[in-house]
Amino acid sequence: MIVLGIETSCDETGIGILKNEKILSNIVATQEDIHSVYGGVVPELASRAHLARIDNVFKIALERAKIKIDEIDFIGVTNSPGLKGSLLVGVSFACGLAYSLKKPIYKIDHLKAHIAVNFLNQEIEFPALGFVISGGHTSFYYLKNHIDFTLIGKTLDDACGEAFDKVGRMLGLPFPGGPHVEWMAENGDENRIKFPVPLLSNNSLDFSFSGIKTSVMYYIKENGLKNIPDICASFQKAIAETLCIKIERAITRYPVKSLLFGGGVIQNNYLRKKIEERIGKKVKIFFPEKKLCIDNGAMVSILTYFLVKYGVEPSENKIEVLPTK
Ligand code: KG4
Ligand code: ZN
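Analysis parameters
Residues numbered from 1 in each chain as written. Chains lettered and ligands numbered in written order. Predicted model: local features only at pLDDT ≥ 70, side-chain atom pairs only at ≥ 80, totals over all residues. Heavy atoms only, no water. Buried < 20%, exposed > 50% of the residue type's maximum accessible area, 1.4 Å probe, protein only. Helix = DSSP H or I, 4+ residues; strand = E, 2+ residues; numbered from the N terminus. Contact = heavy atoms within 4.5 Å. Phe/Tyr/Trp six-rings, centres within 6.5 Å; stacked < 30°, edge-to-face > 60°. Lys NZ or Arg CZ within 6 Å of the ring centre and 35° of its normal. Near = heavy atom within 4 Å. Polar contact = N/O pair within 3.5 Å; in protein donor to acceptor, adjacent residues only side chain to side chain. Areas by Shrake-Rupley, 256 points an atom, 1.4 Å probe, with all protein chains shown as cover. 1 Å grid on protein atoms, 1.4 Å probe; cavity = no way out; pocket = protein on both sides within 12 Å on 5 of 7 lines; lining within 4 Å. Sits in = over half its atoms within 2 Å of the grid points. Nonpolar A, V, L, I, M, F, W, Y, C, P; charged D, E, K, R; others polar. Domains from an automatic or database assignment. Points joined across faces, edges and corners; volume = space filled by probe spheres on them.

As for helix 5 (residues 160-170)
- Regarding helix 5, the residues found buried are Cys 160, Gly 161, Ala 163, Phe 164, Asp 165, Val 167 and Gly 168.
- In the core, the buried residues of helix 5 are packed alongside strand 6 (128-133), strand 7 (138-143), helix 6 (177-185), helix 7 (210-223), helix 8 (228-253) and helix 9 (269-279).

As C-alpha cells, then:
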C-alpha cells in the first residue's frame, strides 16, 4: 500500500510517502527564513509560501520515493487544526490530486498525526497515552488503539512551545526561541530563580503556561538581562516540572502500556531526560526521531495508513478546513 500524506497546517510544507509502515520519502520545506524577521508566523505569508512550494515538494517526494504518481493508493491531508489559509493550500492540492488520480482521500487531524508518527515501523502496546507538546498545542490523549483517540487534557492559554518562544523573544533570542532557550540553559543554573509551576486544580490534566511566562517577564523587569543562561535554565526546569507532574497524574488516572510523545518542543534534550528519569521506569516511553517531531508529511501518511487498515471509510472529495488560529 502506497500512502501519500500532505501537511500544510502552519509554516512547514510537508509531503511524505510510505510503503505500508516504511518511509519512502519525507520532504519538508520550512519557512523559518520567511517568518523569523517578524518574530512569529505571519499567516498570509505562510499560505503564499505553501502555494509557491507545494508543487516542487510533491515532485521531489515522488522522485526520492522512486514511484510514479499513479502508484499512489491513498491520500491523507491535514484539515485541522491550523492556519486557515495554510490548511486550504494543502487540502485543495490533495483534493485535486485525489480527483485526478481517482484515489480515496482521508482528512487527518494534525495533533493526532504528531502522536501517530510513533507508529512508523514500531510495535506499540495499547492502551497508550499521547502527548503533543508543540508550538501551537499542548494536548494529552488516551489511545485505545492506533486510531481511537480521546482528548484528556489541553492548555487553557499559551502552548508550551509558545511560552518558550515568548521567553526567547523577551531575552532577545532569535525566533523560534525554543532551541535557543535550550542552548542557553546548558550553561545556566536551574536553581537560581524559582519560577512558578502552574498545576491548576489538584487533579486537572489541563495546562496554563502563561503564568510562567509572565513571571519571567517580571523577573526581567526587576533584574534586567544580566543572567540569561540562568533565566533559561530556571524557566526550562519549571516547564519540565509542570509536564512531569501532569504526565504522572495522567498515568495514575489512566494505567497504560506506552507513552507516545510528539511535537516540536519534544526535541528538547533536557525535557526528554527529565521525563525519562521521572517516568521511564513506570511505563515504556517513545520519543520520535527529532526530525519527525516537527511538522512533516510522513506523520499524516502513517495515520492515514492505519485508518485504511482499520477499515475507516474515506472522506468525500470535498474536505472542510477547521482552523484554530
Ligand atoms: O511542532 P512544531 O514544529 O509546530 C507546531 O505544530 O506548533 O513546534 C514548533 C515549536 C516552537 O515553539 C519551537 O520553539 C519549539 O517547537 N521547539 C523547542 C525546541 N525545538 C523546537 N522548544 C524547546 N526546546 C527545543 N529544543
Ligand atoms: Zn505541529
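Picking up after the structure, the text goes on.
Observations regarding the packing of aromatic side chains
- What the rule picks out here adds up to 15 aromatic pairs.
- Ring centres of Phe 58 and Phe 93 lie 5.4 Å apart, and the angle between their planes is 75°; this geometry places the pair in the edge-to-face category. Within this pair, whereas Phe 58 is found in helix 2 (residues 43-65), its partner Phe 93 is found in helix 3 (residues 84-101), the two being separated by 35 residues in sequence. For the pair shown, Phe 58 and Phe 93 are each scored as buried.
- Counting every residue linked through ring pairs, the aromatic cluster contains Phe 131, Phe 140, Phe 207, Phe 209, Phe 261 and Phe 287.
- The positively charged end of Lys 246 is found above the aromatic ring belonging to Phe 207, 5.6 Å away from the centroid.

Quick notes on the site of ligand 1
- Lining the immediate surroundings of ligand 1 are 19 residues, of which Gly 135, Gly 136, Asp 165, Glu 182 and Gly 264 lie closest.
- For ligand 1, an oxygen atom lies 3.4 Å from a polar atom in the backbone of Val 265.
- Contact distances for ligand 1 include 3.0 Å between a nitrogen atom and a side-chain N or O atom of Asn 268.
- Within the complex, 90% of the 560 Å² of free accessible area of ligand 1 lies under protein.
- One can see that ligand 1 is located within the largest pocket.
- By residue class, the composition of the shell around ligand 1 is five nonpolar, 11 polar and three charged.
- There are two domains that each give the shell around ligand 1 at least three residues, and those are domain 1 (2-115 + 293-309) and domain 2 (124-287).

Here we look at the layout of surface pockets
- Taken as a whole, the largest pocket holds about 1,200 Å³ of empty space.
- Lining the largest pocket are 43 residues, with Ser 134, Gly 135, Gly 136, Asp 165 and Pro 176 positioned closest to its centre.
- The leading source of residues in the lining of the largest pocket is helix 5, at six residues.
- Class assignment of the residues belonging to the lining of the largest pocket gives a composition of 13 nonpolar, 19 polar and 11 charged.
- Counting only domains with at least three residues in the lining of the largest pocket, you end up with domain 1 (2-115 + 293-309) and domain 2 (124-287).
- The computed volume of the second largest pocket comes to approximately 210 Å³.
- Along the walls of the second largest pocket sit Ile 23, Asn 26, Val 117, Asn 118, Leu 120, Asn 121, Gln 122, Pro 288, Glu 289, Lys 291 and Leu 292, which together make up its complete lining.
- Of the residues that constitute the lining of the second largest pocket, the class distribution is five nonpolar, four polar and two charged.

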